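# Remarks on the overall topology
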Amino acid sequence: MADSELTFEAKMQQLEEIVRQLEQGNTPLEAAMDQFKKGITLTNELQQTLSQAEETMTKMIDQNGNETNFEAP
């Protein structure tokens, strides 16, 4: 399964594992750099997913079936 097909939770788990490995400090430099880059990519993908979810959650459907932005009173 490609990374782009992974669920939010699976990506989060991968990121947590990368952080754990990097915090241990016993990863060779080249591997650590690769993991760091993958971590940055995962972070960006997770942030994008969260932003899209927030955008979706702030929309409502009006009586005519049109999407409108939710505005708190």
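In what follows, the structure referred to is the one given above.
Residues numbered from 1 in each chain as written. Predicted model: local features only at pLDDT ≥ 70, side-chain atom pairs only at ≥ 80, totals over all residues. Heavy atoms only, no water.

What follows deals with the overall build of the protein. When helices and strands are counted, the protein shows 2 helices and 2 strands. Residue burial in the protein is summarised as follows: out of 73 residues, 12% are buried. A fraction of 38% describes how many contacts in the protein between residues 6 or more apart in sequence connect residues 24 or more apart. Of the accessible surface of the protein, which amounts to about 6000 Å², a share of 53% is contributed by carbon and sulfur atoms. (Helix = DSSP H or I, 4+ residues; strand = E, 2+ residues; numbered from the N terminus. Buried < 20%, exposed > 50% of the residue type's maximum accessible area, 1.4 Å probe, protein only. Contact = heavy atoms within 4.5 Å. Areas by Shrake-Rupley, 256 points an atom, 1.4 Å probe, with all protein chains shown as cover.)

Tallying each qualifying case throughout the model produces 2 salt bridges. In this structure, Glu 45 engages Lys 11 in a salt bridge whose closest nitrogen and oxygen atoms are separated by 3.1 Å. Linking Glu 45 in helix α2 (residues 29–57) with Lys 11 in helix α1 (residues 8–24), this pair joins segments that are 34 residues apart in sequence. Its relative accessible area of 22% is what places Glu 45 among the partly exposed residues. Given a relative accessible area of 8%, Lys 11 falls into the buried group. (Salt bridge = Lys/Arg side-chain N within 4 Å of Asp/Glu carboxyl O.)

Taking 1.5 Å per residue, 17 residues should reach 24 Å; α1 reaches 25 Å between its end C-alpha atoms and fits that length. Restricting attention to buried positions, one finds in α1 the residues Lys 11, Leu 15 and Ile 18. Down the axis of α1, the smallest arc covering the buried residues is 60°, so these residues share one side. For α1, the exposed residues set more than 90 degrees away from the buried face come down to Glu 9, Gln 13, Glu 23 and Gln 24. Elements in contact with the buried residues of α1: α2. Looking one or two places after α1, you find Gly 25, whose phi comes out positive at around 75°. (Expected span 1.5 Å × (residues − 1). Arc of directions from axis to C-beta.)

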